[in-house]
Amino acid sequence: MTMKSAHAPSIRTRLIWLVIACIVPASLLVVRMIASDYQLARTAFIRSAMTSAQANAMAVDKEFAVIESTLKALSTSPSLAGADLKPFYDQARAICANQNIFNILLEDGTGQQLINTFRPFGTPLPSAGLGPALTYMQNKDATAISEVFIGPMSRRYIVSVGIPVMRKPLGFHALSAVVTVERFGNILNQQQYPEHWITTILDNKGTVVARTDDMQRFVGQHAIPDVLERLQEQPEGAFETKTLDGKPILAVLAKAGVSRWTVAIGIPLDVLNAEL
């Protein structure tokens, strides 16, 4: 009679190992499927957020195009060529009232203001000198879009759009429209963002122009360092970072093709993970 080996596994042990051999691969497969589903959902989420950011970036450029078209139409006025600019001033003031423009100004080639609808006609006006926008218009014969800045007269955060015009026989002049940052805030207010998303419009220097949350507090401040660094590397994309107060977020960036301004969407990671 043959003796059983003392070390041979029992039938119960063999069954246990057989069950483990079946369950472990299946469990690993389930884990992989869950991870794959999460990654697919995350990718789709980011794609959707990027689409929203790109649409808003296009809306920013559209806003600038509307302002530029208004200036070009105004520049064809016969009153611009006259020695008496009072009729042109009155025309410009009417356009400001109808087009949500804060003020319109006309400067000569040295930066001396000739009219400024923010001030009564005939009031002595300052000379800003040859600033970057005026120099750009002279050298490039093209529309200039400023960064956000505080107006020296209004003391409000504003943005300027200027076009070069010729006043014969006086030569180069600049016709500019100034709009407040609230005009860009309205672009964001028209969107139906999820509750916890924070969307920001940045000028081409990475300075906050408008924001969906606590706008007045942040306008004029620079974006977080990670965003500023990323803007130097690539115009669009999504990456994880932290807000200035340490909250982890997914940042989604889209750059406007003409103005080179950026729309940035910040989505808290805890919200993102909960939704996925």
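Everything below is about the structure printed above this text.
1. Points about the overall build of the protein
Helix and strand counts for the protein stand at seven helices and eleven strands. Out of the 276 residues in the protein, the part that is buried amounts to 40%. Relative to all contacts within the protein whose residues are 6 or more apart in sequence, the contacts with residues 24 or more apart total 51%.

2. A word on the environment of Val-179
With respect to the helices and strands, Val-179 occurs in strand β6 (residues 171-180). The class of Val-179 is buried, set by a relative accessible area of 1%. Here the alpha-carbon distance between Val-179 and Val-159, two residues 20 residues apart in the chain, equals 5.5 Å. Not counting the four nearest positions on each side in its chain, Val-179 is found in contact with Ile-67, Asn-100, Ile-101, Phe-102, Ile-158, Val-159 and Phe-184.

3. Side note on the pairing of strand β11 (residues 262-268)
Counted residue by residue, β11 has six buried out of seven residues, so it is predominantly covered. Sheet topology note: the strand β7 (residues 198-202)/β11 ladder contains five bridges and is antiparallel. By the bridge assignment, Leu-202 is partnered in β11 with Thr-262. Of the strand pairs in this sheet, strand β10 (residues 248-255) and β11 are connected by seven bridges, and their pairing is antiparallel. Within β11, the position partnered with Lys-255 by the bridge is Thr-262. Taking the residues between adjacent antiparallel strands as the criterion, β10 and β11 are bridged by six residues, where Arg-260 takes a positive phi near 65°.

4. Considerations on the nonpolar core
One finds Ile-104, Leu-175, Phe-184 and Ile-201 to be the most contacted residues of the largest nonpolar core, which totals 51 residues. Sort the elements by how many residues they give to this core and helix α1 (residues 11-75) lands first, with eleven residues. In contact with Ile-104, other than residues within four places in its own chain, are Leu-74, Ala-92, Ile-95, Cys-96, Ile-115, Asn-116, Thr-117, Leu-175, Ser-176 and Ala-177. Residues Val-208, Phe-218, Ala-223 and Ala-264 belong to the second largest nonpolar core, which totals eleven residues.

5. Quick word on the packing of aromatic side chains
Using the criterion set out here, one finds six aromatic pairs in the structure. Judged by centre distance (5.8 Å) and plane angle (65°), the ring pair of Phe-45 and Trp-197 falls under edge-to-face. Of this pair, Phe-45 sits in helix α1 while Trp-197 sits in the loop between α4 (182-189) and β7, placing them 152 residues apart in sequence. As far as burial versus exposure is concerned, Phe-45 and Trp-197 are alike and both buried. A network of ring pairs unites the aromatic residues Phe-64, Phe-184 and Trp-261 as a single cluster. In this structure, Arg-211 packs its charged tip against the face of Phe-218, placed 3.9 Å from the ring centre. One residue, Arg-230, lies across the ring of Phe-239, its end atom 4.0 Å from the ring centre.

The rules behind each value
Residues numbered from 1 in each chain as written. Predicted model: local features only at pLDDT ≥ 70, side-chain atom pairs only at ≥ 80, totals over all residues. Heavy atoms only, no water. Helix = DSSP H or I, 4+ residues; strand = E, 2+ residues; numbered from the N terminus. Buried < 20%, exposed > 50% of the residue type's maximum accessible area, 1.4 Å probe, protein only. Contact = heavy atoms within 4.5 Å. Pairing = 2+ DSSP bridges. Core = buried A, V, L, I, M, F, W, Y, C linked by side-chain atoms within 4.5 Å. Phe/Tyr/Trp six-rings, centres within 6.5 Å; stacked < 30°, edge-to-face > 60°. Lys NZ or Arg CZ within 6 Å of the ring centre and 35° of its normal.

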